[in-house]
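Residue-level listing of the chains:
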Amino acid sequence: MAFELPDLPYAKDALEPHIDAQTMEIHHGKHHAGYTKKLNAAIEGTPEEKKSIEDILTELDPTNTAVRNNGGGFYNHKLFWEVMGPEGGGKPNGEIAEAIDKHFGSYEDFKDQFSKAAAGRFGSGWAWLTVHNGGKLEISSTPNQDNPLMPFVSAAGEPVLALDVWEHAYYLKYQNKRPDYIAAFFNVINWDKVNELYKAHK
């Protein structure tokens with residue numbers, strides 16, 4: 001069964017002024033759509049056709065670059081849209097807030113460490129907040145379209161927050177000012193969704 005490009009959970013201009021509508025239109029309609037199409041082509045006629053994207057990635061052979069790049073691109077963007085929203089921003093609440101305080105000291109310390117992981121990723125990639133068995137949280141970054149579901153990634157676990165730091169995610173509005181884009185991201189984080197993912201995977 002072929003994967004389908006998921007709809008955005010909000011209008012393309014809903015994250016303005018932090019993430020502009022034109023970027024969202026191109027990012028979702030071109031980049032994410034492209035990963036979806038190429039993933040389907042890469043798994044056509046293989047056992048992966050009948051698996052979930054999570055199962056494909058957790059069982060991934062790292063030398064299968066077509067599935068690695070496009071499966072990662074499909075999953076990563078799907079999560080990225082879900083953990084943002086027009087009512088986002090502010091501080092986390094619920095169990096994820098308690099876990100952040102426990103593992104990073106405070107929300108501000110978490111924000112600083114996550115921002116450094118995103119800003120410090122050389123070239124293209126992602127920053128992650130990942131949960132491990134028992135509820136432990138970890139901040140990491142990965143190159144290209146790799147993600148923590150992949151068994152060969154050092155910070156392997158269940159992602160609950162993702163930030164795309166490929167240039168196509170921010171260049172139209174922020175040009176080469178990645179730190180400004182990272183700072184803006186905190187204004188659109190859907191902490192209710194992050195908390196839901198944390199409770200499901202801790």
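Per chain, residues are indexed from 1 in the order of the written sequence. The model is predicted, so local features are restricted to residues of pLDDT at least 70 and side-chain atom pairs to those at 80 or more, both for listing and for counting; the totals for chains, interfaces and linings are taken over all residues. With hydrogens and water excluded, all non-hydrogen atoms of the structure serve as input to the side-chain values.

(A) Representation of the packing of aromatic side chains. Think of it this way: a Phe, Tyr or Trp ring, Trp meaning its six-membered ring, pairs with another when their centres are within 6.5 Å, and the plane angle makes it stacked under 30 degrees, edge-to-face over 60, tilted otherwise. Applying the stated rule across the entire model yields 15 aromatic pairs. Relative to Trp191, the ring of Tyr107 has its centre 6.1 Å away and its plane inclined at 80 degrees; by these criteria the two rings are edge-to-face. A residue pair is termed long-range when its members are at least 10 positions apart, and Tyr107 in helix α5 (residues 107–120) and Trp191 in helix α8 (residues 191–201) qualify at 84 residues. One exposure class covers both Tyr107 and Trp191, and it is buried. Residues Phe114 and Phe186 carry aromatic rings whose centres are separated by 6.1 Å and whose planes lie at 85 degrees to one another, so their mutual orientation is edge-to-face. Taken together, the positions of Phe114 in helix α5 and Phe186 in the loop between α7 (178–185) and α8 put the pair 72 residues apart, joining distant regions of the chain. Every helix listed is a DSSP run of H or I at least four residues long, and every strand listed is a run of E at least two residues long, numbered separately from the N terminus. Each residue is assigned to one of three classes by its accessible area relative to the maximum for its type, calculated with a 1.4 Å probe on protein chains only: buried under 20%, partly exposed between the two thresholds, exposed over 50%.

(B) Fine view of the packing of helix α1 (residues 21–43) against helix α3 (residues 65–82). Helix axes use the C-alpha atoms of the stretch in contact, all axes being lines fitted to C-alpha atoms, and the angles between their N-to-C directions lie in the range 0 to 180 degrees. Packing of α1 against α3 brings their axes to within 8 Å, and their N-to-C directions diverge by 140 degrees. By the angle between their directions, the pair α1 and α3 is classed as oblique. In the crossing of α1 with α3, the sense of the turn from one axis to the other is left-handed. Across the interface between the two elements, Met24, His27, His28, His32, Tyr35, Thr36, Lys38, Leu39, Ala42 and Ile43 from α1 touch Ala66, Val67, Asn69, Asn70, Gly71, Gly73, Phe74, His77, Lys78, Phe80 and Trp81 from α3. Any angle that is under 35 degrees is reported as roughly parallel, and any over 145 degrees as roughly antiparallel; angles of 65 to 115 degrees are reported as roughly perpendicular and all others as oblique. Handedness of a crossing follows from how the near helix is turned relative to the far one, being left-handed for an anticlockwise turn of less than a right angle and right-handed for a clockwise one. Contact criterion: two residues are considered in contact whenever any of their non-hydrogen atoms come within 4.5 Å of each other.

(C) Highlighting the pattern of salt bridges. Only one rule defines a salt bridge in this text: a Lys or Arg side-chain nitrogen within 4 Å of an Asp or Glu carboxyl oxygen. Tallied over the full model, the rule gives seven salt bridges. We note a salt bridge from Lys51 to Glu59, for which the minimum N-O separation is 2.8 Å. Linking Asp146 and Arg68 is a salt bridge whose minimum nitrogen-to-oxygen distance equals 2.8 Å. Placement of the pair is Asp146 in the loop between β2 (137–143) and β3 (158–164) and Arg68 in helix α3, with a sequence separation of 78 residues. Salt bridges linked by common partners bring Glu48, Lys51 and Glu59 together as one network.

(D) View of the sheet that holds β2. Here, strands pair whenever DSSP counts at least two bridges between them. Ordered by their spatial adjacency, three strands build an open sheet running β2-β1-β3, and the pairing between neighbours is antiparallel. Single-partner strands in this sheet number two, and they are β2 and β3. Here the strands of the sheet are splayed against their neighbours by 25 degrees on average, with no regard to which way each runs. Relative to β2, strand β1 (residues 125–131) runs antiparallel, the two sharing seven bridges.

(E) Spatial organisation of the environment of Glu138. With respect to the secondary-structure elements, Glu138 resides in strand β2. For the pair Glu138 and Ala156, spaced 18 residues apart in sequence, the C-alpha to C-alpha distance is 9.5 Å. What Glu138 contacts, discounting residues up to four positions off in sequence, is Phe104, Trp128, Leu129, Thr130, His132 and Ala155. For the purposes of these results, a polar contact is taken to be a pair of N or O atoms within 3.5 Å, where, inside protein, one atom must be able to donate a hydrogen and its partner to accept one; residues adjacent in sequence count only when each atom of the pair is a side-chain atom. Here His132 takes part through its side chain, which lies 2.7 Å from a polar atom of the side chain of Glu138.

(F) Examining the environment of Leu79 more closely. Turning to its location among the elements, Leu79 is positioned in helix α3. On the basis of relative accessibility, which here comes to 4%, the residue Leu79 falls in the buried class. With sequence-adjacent residues up to four places away left out, Leu79 is seen in contact with Trp128, Pro159, Ala162 and Leu197.

(G) Geometry of the packing of helix α4 (residues 94–104) against α8. It is the contact of α4 with α8, at a shortest axis distance of 7 Å, that shows an interaxial angle of 80 degrees. Classed by the angle they form, the pair α4 and α8 counts as roughly perpendicular. Contact with α4, carried on its side by Gly94, Glu95, Ile96, Ala99 and Ile100, involves Trp191, Val194, Asn195, Tyr198 and Lys199 of α8 and no other residues of that element. Note on residue categories: nonpolar means Ala, Val, Leu, Ile, Met, Phe, Trp, Tyr, Cys or Pro, charged means Asp, Glu, Lys or Arg, and polar means any other residue, Gly included. For the contact of α4 with α8, a count of residues per class yields six nonpolar, two polar and two charged.

(H) Main features of unusual backbone geometry. Of note, the amide linkage connecting Glu16 to Pro17 takes the cis form, showing an omega dihedral of 0 degrees. Within the fold, Pro17 resides in the segment before α1.

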